[in-house]
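Analysis of the macromolecular model
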Amino acid sequence: MHRSPPRRRTSPWGDPRRRRLLLHALPKTDLHVHLDGSIRPATLLELGKEQGIRLPVRSNQELRRFLSSLTSGVSLPRYLKAFDLTLKVLQERDALERAAFELAEDAHKEQVRYMEVRYCPALHTRQGLSMEGSVETVTAGLERARRRYGIQTGTIVCGIRHLSPRLSLKLAEVAVAYYGRGVVGFDLAGAEKDYPAKAHRKAFDHVVRNNVNVTVHAGEAFGAESIAQALHYCGAHRIGHGTRLREDPDILRYVNDHRIPLEMCLTSNVQTGAVASLRAHPFHEYLTLGLRVTLNTDNRLVSSTTMTRELDRAVTALRLRPADVRHVLLNGFKSAFLPLRERGDMVLRAVAEMDAVFEAARARDKETEPDLL
């Protein structure tokens, strides 16, 4: 008796090119992106020449090799050495404004509708620029992008774990002074191990008392107890990374019950050694458990990534279906540090735009492809 060959399982995304085009077309947020880790390669090299700075790399190829040596999954401190390079050229007002504008421009080109750019103003003062001046300069660059492209942005002022808690307090004061004038939140970044967040509690007390949004890098290079400190000592409204949250079921339940968003960054987590591989990442596990998981780039230059690439890696490595991606993207819009009504309006626009993108894809492929949703 003749038997028909078994039917091949067809991806709901279609072929890889179609998948990437669809992911590119979807509206996105990027809530966790570092300005000094996201400068364009060409801009980095050009600014070095303009400013007469002798960089350890002189071409895009050398730059890629240099960054690859730091992002091979060894450790977070090794990964962070890349910022020693980028910060060399981000000490002048024009350079800082350009980097902010170009970051927003690049995000706009892949349909990022809302982005929160984080940086430490104290790291841009080597040539006389004040912390306040750096905040105003970055805001000006992002505002220029908004006027040209319509992309909505905010900035997050970062304290640094290994620097003085007194400096963190000064940075918190800057964040409060500019809150609502470009600044949307305060963060603590840098190496976790040996630098507990609770040492910077005065800074967080100041921003919380002044009703400023708080996010904290935690659970990336240290265990779930780092996340607990971020929540209970620092008053975090969101968690940067949170990769190791599953190590403490009680903290995981707390984060889930209180709908505390996780700013997850797949590529950089592999490159810092937070996870062994993309497939070993807990992103899908957290999504299945109902956690408010968002997807972000972290550092576009250092990690050689974009939001579209992050989504594509999530789809291919973690088997996300279109409904999963839609859920993750909406989580991003729901988690923005924006006033409730403004955030709600943005979510409604994102839903309408996503539905239109998926419907257009269905219309093109209804004869040959299964339903996307």
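In short, a report on the structure. Please read these numbers as outputs of a predicted model, since none were measured by experiment.

With 13 residues, helix α15 (residues 322–334) ought to run about 18 Å at 1.5 Å a step, and its terminal C-alpha atoms sit 18 Å apart, in line with that. Those residues of α15 that sit buried are P322, V325, V328, L329, L330, N331, G332 and F333.

Attention shifts here to the pairing of strand β5 (residues 213–218). The buried fraction of β5 amounts to 6 of the 6 residues, a majority that puts the element mostly inside the structure. Of the two faces of β5, both are covered, the one formed by N213, T215 and H217 as well as the one formed by V214, V216 and A218. Pairing geometry for strand β4 (residues 183–189) and β5, over 2 bridges, is parallel. Opposite F186, over in β5, you have V214 as the bridge partner.

Moving on: the nonpolar core. Core analysis: the largest hydrophobic core is formed by 113 residues, its most contacted members being L35, M115, F186, I239, L245, F283 and V325. Among the elements that line this core, the one with the most residues is helix α6 (residues 93–108), at 8 residues. Sequence-distant contacts of F283, defined by excluding residues within four places in its chain, comprise M264, L266, V293, T294, L295, L318, L320 and V328.

Taken as a whole and judged by the stated rule, the model has 2 aromatic pairs. Between F186 and F204, the aromatic rings sit 5.3 Å apart at their centres with planes inclined by 70°, giving edge-to-face as the arrangement. With a gap of 18 residues between them, F186 in strand β4 and F204 in helix α9 (residues 201–209) connect regions that are remote in the sequence. Look at F186 and you get buried, because its relative accessible area is 0%. Over the ring of F101 we find R144, and its NZ or CZ is 3.8 Å from the ring centre. A cation sits over an aromatic face here: R238 above F337, 3.7 Å from the ring centre.

Reading the values: the criteria
Residues numbered from 1 in each chain as written. Predicted model: local features only at pLDDT ≥ 70, side-chain atom pairs only at ≥ 80, totals over all residues. Heavy atoms only, no water. Helix = DSSP H or I, 4+ residues; strand = E, 2+ residues; numbered from the N terminus. Expected span 1.5 Å × (residues − 1). Buried < 20%, exposed > 50% of the residue type's maximum accessible area, 1.4 Å probe, protein only. Pairing = 2+ DSSP bridges. Core = buried A, V, L, I, M, F, W, Y, C linked by side-chain atoms within 4.5 Å. Contact = heavy atoms within 4.5 Å. Phe/Tyr/Trp six-rings, centres within 6.5 Å; stacked < 30°, edge-to-face > 60°. Lys NZ or Arg CZ within 6 Å of the ring centre and 35° of its normal.

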